[in-house]
Amino acid sequence: MKRLIYLISGVLAFVISGTLLSIPFNRWYTANFVRSDDDSNFLVSVLFLGIWPVFALIGGLLGHLLYRRSHVSKLKFNNHDKKGTQP
């Protein structure tokens, strides 16, 4: 359950940051290239099919790595305590 929380929070954080980082590109593209509904549909497809999945994968990977880092460090300290040695 804890891993799922790490993964979801990583995905949400990176999708939101990716959306915020894409705002300047969206404004530039809209001002220079959008002439019809087809052009704005292309912009939406770039956002949905290009930016969000990439940032979701990066966020999920980062959330997984943060989970492993916190979980593995706890396991190392617990193993040292069981053996009777100091960490």
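See above for the structure.
Summary of the structure given here. (Residues numbered from 1 in each chain as written. Predicted model: local features only at pLDDT ≥ 70, side-chain atom pairs only at ≥ 80, totals over all residues. Heavy atoms only, no water.)

1. Some remarks on the side chain of Ser22
So, point 1. Residue position: Ser22 is located in helix H1 (residues 2-33).
So, point 2. Within the structure, Ser22 has its side chain in polar contact with the backbone oxygen of Thr19 (distance 2.8 Å).
So, point 3. Every residue in contact with Ser22, bar those within four places of it in the chain, is listed here: Leu47 and Ile51. (Helix = DSSP H or I, 4+ residues; strand = E, 2+ residues; numbered from the N terminus. Polar contact = N/O pair within 3.5 Å; in protein donor to acceptor, adjacent residues only side chain to side chain. Contact = heavy atoms within 4.5 Å.)

2. Digging into the environment of Arg35
So, point 1. Its place among the elements puts Arg35 in the loop between H1 and helix H2 (37-83).
So, point 2. Reaching out from Arg35, the side chain makes a polar contact with the backbone oxygen of Asn32 at a distance of 3.4 Å.

3. Focus on the packing of aromatic side chains
So, point 1. This model, assessed by the stated rule, comprises 7 aromatic pairs.
So, point 2. A centroid spacing of 6.2 Å and a plane angle of 40° characterise the contact between Phe25 and Trp28, whose relative ring orientation is tilted. Separated by 3 residues within a single helix, Phe25 and Trp28 lie in helix H1, roughly one turn from each other.
So, point 3. Classification of Trp28 as partly exposed rests on a relative accessible area of 45%.
So, point 4. A ring pair is formed by Tyr29 and Phe33, whose centres lie 5.4 Å apart and whose planes are at 35°; its orientation type is tilted. Here Tyr29 pairs with Phe33, and both are found in helix H1, just 4 residues apart, close to one helical turn.
So, point 5. Every member of this aromatic cluster is reached through a ring pair, and the members are Phe25, Trp28, Tyr29, Phe33 and Phe42. (Phe/Tyr/Trp six-rings, centres within 6.5 Å; stacked < 30°, edge-to-face > 60°. Buried < 20%, exposed > 50% of the residue type's maximum accessible area, 1.4 Å probe, protein only.)

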